[in-house]
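# Chain and residue survey
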Amino acid sequence: MKPQQFTRAARRVPVVAIAVAVMSLLAACDPVAAATAAEAVPAVPAVPAAPESPAASSVAASSAIALPAVQSDMKRGASFPYKRLNELLSKLRTEGEGLFVSRFVLTDAKDNTKPPPAGTKLALMSDDDYIPIPVDDQGRFDLPTFSEQRVKDMDFGTNVPKGDLGVRLSIDLATPPEMLDMATVRRIVSVGQRLRTELLPWYVRWMFPQIDGVIVCSDQPQWTLDWMEGGQHLRLPLPSEAKQREPETPKDKPSRACTVLTGQEQWPDAALLQPQPGANTKLYVKLRNTRAS
């Protein structure tokens, strides 16, 4: 079978279209030539415009309607600029060796044991950013960290009038109770003190506590330290500290039993805490004081 030949119908381009294209090219290269060519182009009679349909008129009219302005009840400047807190959190996460976790809680301004007003919203705001911060029903929330450039003009924003909110910051330990040994206790104390005295600028030190040890609290005061020494398994019971209250205990409530490890004890680094199973053991940093140095 012989190949079939197909004849393609030539498309006729209007002379005027060709002339316009040539004039555009000439204008780009030689304005004088373009002006000369324009005189040679024959005039084309104007074609009357078709009457506009009602539908088209409706679309045009709707596109001209201005959109309503977005209203927001969030206001910037609810507290101090975020730059300083961002600096603290950045140091904590980069220099804290994974030992510490920051916890934030929104509270009533007059009573920090009460949650914030219902419907409270929180955000980080700047000229270029709006970052909503999720807050749970207990007022707890987490905060991100940013580069110095991005955070330089960032503030907190909230829908609650200024002066009606309080913020409680606590530094918790990332180590679970069953993994706490004396080496970790000593690291917590040394890294915490180095953060406060060497790494943090003086203007944010007041937000980071002076750490002197680890508090261990449980439903039952039965803790031991276990380690191997000379091929023997040694176990040391830990005493309950009568004057040490669990940090989260309300002032009008009795505290659970607690013991304290400072790292200055003579026990070996390998001595491992053995919390009582089912005793709901929790760890806290032991504070020297919370005032600025």
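Here goes a summary of the coordinates provided. (Residues numbered from 1 in each chain as written. Predicted model: local features only at pLDDT ≥ 70, side-chain atom pairs only at ≥ 80, totals over all residues. Heavy atoms only, no water.)

## Describing the overall build of the protein chain
To keep it simple, the criterion reads: Elements are defined by DSSP. Helices are runs of H or I of four residues or more, strands are runs of E of two residues or more, and each kind is numbered from the N terminus. Three exposure classes are used, based on accessible area relative to the maximum for each residue type with a 1.4 Å probe and protein chains only: buried under 20%, partly exposed in between, and exposed over 50%. Throughout, the Shrake-Rupley method with a 1.4 Å probe supplies accessible areas, and for residues the shown protein chains are the sole cover considered.
Along its length, the protein chain carries 6 helices and 13 strands. For the protein chain, buried positions account for 31% of its 293 residues. When the accessible surface of the protein chain is split by element, carbon and sulfur atoms take 56% of a total near 19,700 Å².

## Comments concerning the packing of aromatic side chains
In plain terms, the rule: Here a pair means two rings of Phe, Tyr or Trp (six-membered ring of Trp) with centres within 6.5 Å. Their orientation is stacked below 30 degrees between planes, edge-to-face above 60, and tilted elsewhere.
Applying the stated criterion across every chain yields a total of 5 aromatic pairs. Between the aromatic rings of Tyr-82 and Phe-146, the centroid separation amounts to 6.5 Å while the plane-to-plane angle is 65°, which identifies the pairing as edge-to-face. Of this pair, Tyr-82 sits in helix α4 (residues 82-95) while Phe-146 sits in the loop between β5 (140-141) and α5 (148-151), and the two are 64 residues apart along the sequence. Assigned by exposure class, Tyr-82 and Phe-146 land together as buried.

## Some remarks on α4
Stated formally: Expected span of a helix, by definition, is 1.5 Å for each gap between consecutive residues, and there is one gap fewer than residues. Throughout, the arc means that of the directions going from the helix axis to the C-beta atoms.
Given a rise of 1.5 Å per residue, 14 residues ought to cover 20 Å, and the 20 Å separating the end C-alpha atoms of α4 matches this to within 8%. Along α4, the residues that are buried comprise Tyr-82, Leu-85, Asn-86, Leu-88, Leu-89 and Leu-92. Down the axis, α4 shows its buried residues gathered within 160° of arc, on one side only. One or two residues past the end of α4 sits Glu-97, with phi positive at roughly 55°.

## Thoughts on the sheet that holds strand β7 (residues 165-173)
The condition that has to hold: In this scheme, strands are said to pair when DSSP sees at least two bridges between them. By the convention used here, residues are in contact when the closest approach between their heavy atoms is within 4.5 Å. Fitted lines through C-alpha atoms serve as axes, helices being fitted only where they are in contact, and the angles separating the N-to-C directions of these axes extend from 0 to 180 degrees.
With antiparallel pairing, the 3 strands of this open sheet are ordered in space as β5-β2-β7. If you trace the sheet from one side to the other, it starts and ends with β5 and β7, each paired once. Across 9 bridges, strand β2 (residues 100-108) lies against β7 in antiparallel orientation. Bridge pairing in β7 links Val-105 to Arg-168. Each of β2 and β7 touches α4; the most contacted strand, β2, lies at about 150° to it.

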